[in-house]
Amino acid sequence: MMGSRRAPRILFSSLSAKLALYQWVTKDAKAFHPDSSVLATDCSPYCSASSKVEEFKAMPPLVELSDSDLINFCLKNEITHVLPTRDDELPYWSKKSELLSNEGIKAWVSEKGFLEICQNKTTFAREFRNSPIPSIPTYPFPDAKISQRWVVKEQTGSGSRSTGLNLMIDQAVLHASNLSNPIFQPFVEGREFSAETWIDNQGKAHGSLLRWRERVVDGESHQTTVFSVPDWESRIRDLFESIPGGRGHCLAQVIASKDDRLSLVEINPRLGGASPLALAAGLHSIRWSLLEEAGLSSEIPADPRFTIGMTLRKKEENVRIVG
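Remember, it's a predicted structure, so these values are computed and weren't measured experimentally.

Conventions adopted
Residues numbered from 1 in each chain as written. Predicted model: local features only at pLDDT ≥ 70, side-chain atom pairs only at ≥ 80, totals over all residues. Heavy atoms only, no water. Helix = DSSP H or I, 4+ residues; strand = E, 2+ residues; numbered from the N terminus. Rg over C-alpha atoms; globule rule 2.2 N^0.38 Å. Contact = heavy atoms within 4.5 Å. Areas by Shrake-Rupley, 256 points an atom, 1.4 Å probe, with all protein chains shown as cover. Lys, Arg positive; Asp, Glu negative; His and termini not counted. Charge placed at Lys NZ, Arg CZ, Asp CG, Glu CD. Pairing = 2+ DSSP bridges. Axes fitted to C-alpha atoms, helices over the stretch in contact; angles between N-to-C directions. Core = buried A, V, L, I, M, F, W, Y, C linked by side-chain atoms within 4.5 Å. Buried < 20%, exposed > 50% of the residue type's maximum accessible area, 1.4 Å probe, protein only. Arc of directions from axis to C-beta. Salt bridge = Lys/Arg side-chain N within 4 Å of Asp/Glu carboxyl O. Polar contact = N/O pair within 3.5 Å; in protein donor to acceptor, adjacent residues only side chain to side chain. Right-handed = clockwise from strand over helix to strand, strands pointing away.

What is the right way to look at the overall build of the protein in this model?
In terms of helices and strands, the protein carries 10 helices and 15 strands. At 20 Å, the protein has a C-alpha radius of gyration in line with the 20 Å of a compact globule built from 323 residues. Viewed in the frame of its principal axes, the protein has a C-alpha envelope of about 65 × 45 × 35 Å. When contacts within the protein are restricted to residue pairs at least 6 apart in sequence, those whose partners lie at least 24 apart make up 65%. With the model as given, the accessible surface of the protein reaches about 15,300 Å², and the carbon-plus-sulfur share is 48%. Averaged over its 38 positive side-chain charges, the protein has a centre that lies 3 Å from the centre of its 40 negative ones.

Structure, rendered in C-alpha cells:
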C-alpha cells in the first residue's frame, strides 16, 4: 500500500520527436508511484520517436474525433491523465476537460481564459503590459517614432519560422505581406532566457527555474543552461501569479537587456521542448500535479531548489543533459 497514491496512466499527446520529454515525464510519474505508465500518441504512426518510447499508439487528428471516440480511446487504454505537449491542441483539451472529468480523467491544462490571453499576441501584450515583467508592446503597423527596428509575427499561433527579426520598417512591411494576420513589435536587443514554474490549483507558482537560451533552432532551445538571479526569480513568480487561470507546468520567454531590464516575450502554458532540463534540475511538475490530486500537497515544496549550471544540449534528435 502507498497511502492514497494510485498509479496513473498518462496520455502523452503529440509525441513527434519529443523522446527526451517523454522519458523525463515517465521518470517523474514513476517517482510518484513506481507502477505509473505513459502512453505516447501522435496522429502520425511513423513519427520519429514512436519506435523508441515504451508505449505508443497512433491516434486520429483531434479534429476528427467525436466525443464518444475520444472517451472510448481513453477508457480502452485506461487513461487517467492527459498531458498536452503542443500549443495548438491546448484549447481542444481545455474544451474537453469537463467531458473527460466526468469519466475520471484529468486533463492537465490551464483555464480557457488564460489560454486565450497567451495565444493572441495583441491580447497578451495588453494584459501583461503592467505585470512584474512588462510585455513587449504590439502594434498593427510599424512606426518610426516608436522604433527603427521591428519584429513581425502572426497574431496567433507559435510558429517561429514565420517570424521576422530585427527588420527595418520597409523590410518588416514586406515580411508582413506574406503572413495571414501580422503584428509588429519593437525589436528588443538582449539575451533571451526561459523561466519555468509549476502552478497549483490555487494559482500559486512553486519556484522559478531560469535557463539561458544559448542556441535556438526554429524557436526551440538546443543548448540551454540553468542559472539563478534571485530578484528575477521573485519577479517571475509574481508574473505567473499576476493573471489568474494558469495551471500546471508553464514557461515564459524573457529578454534581458544589457542594463538588466526584463521584457516579456510570451508565456507557453505547457511543457516545452527543453523542459526535460527543468524536470532534471528539480522542477518536478508531473509528480507535484499527482501529489496535489492525491491530497498530498504537504509534500510539494513551496520554494523548490534547482541544480544551477545543469545544461541541456540537443543535436538533431539526441538530447544530452550534463551537470
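Honestly, the sheet that holds strand 6 (residues 149-154) in this entry has me stumped. Any pointers?
What holds strands together in a sheet is hydrogen bonding between their backbones, with the strands either parallel or antiparallel. Read from one edge of the open sheet, three strands run 7-6-8, paired in antiparallel fashion. Of all strands in the sheet, those with a lone pairing partner are strand 7 (164-168) and strand 8 (182-186), marking the two edges. On average, each strand axis in the sheet is inclined to that of its neighbour by 35°, with strand direction left out of account. For strand 6 and strand 8, the ladder comprises five bridges, and the chain directions are antiparallel. Its bridge partner being in strand 8, V151 is matched across the sheet by Q185.

Before we go on, may I ask you to explain the nonpolar core in this structure?
Generally speaking, nonpolar side chains in soluble globular proteins are found buried as a group. Core analysis: the largest hydrophobic core is formed by 36 residues, its most contacted members being F12, L15, V25, L83 and I286. If you list the elements that add at least two residues to this core, you get strand 1 (9-12), helix 1 (19-32), strand 2 (37-42), helix 9 (275-281) and helix 10 (285-293). No other element matches the six residues that helix 1 contributes to this core. Apart from residues no more than four positions distant in its own chain, L15 is found in contact with Y22, A40, T41, D42, C47, A49, S50, V53 and F56. Counting 25 residues, the second largest nonpolar core, distinct from the first, contains L210, W212, F240 and L262.

Could you clarify how one ought to interpret helix 2 (residues 67-76) in this entry?
Counting along an α-helix, one turn takes 3.6 residues, and residues three or four places apart therefore face a common direction. Taken residue by residue, helix 2 has L70, I71, F73 and C74 as its buried positions. The buried side chains of helix 2 occupy one side of the element, clustering within an arc of 160° when seen end-on. Looking at the buried side of helix 2, the elements it contacts are strand 1, strand 2, strand 3 (56-58), helix 3 (90-95) and helix 4 (97-101). Downstream of helix 2 by a residue or two, E78 has a phi angle that is positive, lying close to 55°.

For this particular structure, what's the right way to read the pattern of salt bridges?
When their charged atoms lie close together, side chains carrying opposite charge are able to pair. What the rule picks out here adds up to 13 salt bridges. Between K52 and E317 there is a salt bridge, and its shortest N-O distance comes to 3.9 Å. A residue pair is termed long-range when its members are at least 10 positions apart, and K52 in the loop between strand 2 and strand 3 and E317 in the loop between strand 14 (311-315) and strand 15 (318-322) qualify at 265 residues. For K52, a relative accessible area of 47% corresponds to the partly exposed category. For E317, a relative accessible area of 36% corresponds to the partly exposed category. Between K96 and D67 there is a salt bridge, and its shortest N-O distance comes to 2.6 Å. One end of the pair, K96, is in the loop between helix 3 and helix 4; the other, D67, is in helix 2, with 29 residues separating them in the sequence. Look at K96 and you get buried, because its relative accessible area is 12%.

What's the story with the side chain of S110 in this structure? I'm lost.
When you line up the elements, S110 lands in the loop between strand 5 (106-107) and helix 5 (112-119). A distance of 2.9 Å separates the side chain of S110 from the backbone nitrogen of R247, its partner in a polar contact. Aside from chain neighbours lying at most four places away, what touches S110 is S94, L115, G245, G246, R247, C250 and P269.

What am I meant to see in the pairing of strand 2 here?
Walk down a regular strand and you will see the side chains alternate between the two sheet faces. Burial analysis of strand 2 places six of its six residues in the buried class, which makes it a mostly covered element. Neither face of strand 2 is exposed, since S37, L39 and T41 on one face and V38, A40 and D42 on the opposite face are all buried. Sheet topology places strand 1 next to strand 2; four bridges connect them, and they run parallel. Its bridge partner being in strand 2, F12 is matched across the sheet by A40. After leaving strand 1, the chain enters helix 1 and then returns to the sheet as strand 2, a path that is right-handed. Summarising the sheet, strand 2 and strand 3 pair through three bridges and their orientation is parallel. Bridge pairing in strand 3 links A40 to F56.

For this particular structure, what's the right way to read the sheet that holds strand 5?
Read across the open sheet, the five strands follow the order 3-2-1-4-5; overall the sheet is parallel. Lying at the two open borders of the sheet, with one neighbouring strand each, are strand 3 and strand 5.

Hey, could you run me through the environment of L271 in this one?
With respect to the secondary-structure elements, L271 resides in the loop between strand 13 (262-268) and helix 9. The spatial distance from the C-alpha of L271 to the C-alpha of T197 is 9.8 Å, given a sequence separation of 74 residues. With residues near it in sequence (within four places) discarded, L271 still touches L21, V25, L83, T85, H249, L251, L279, S285 and I286.

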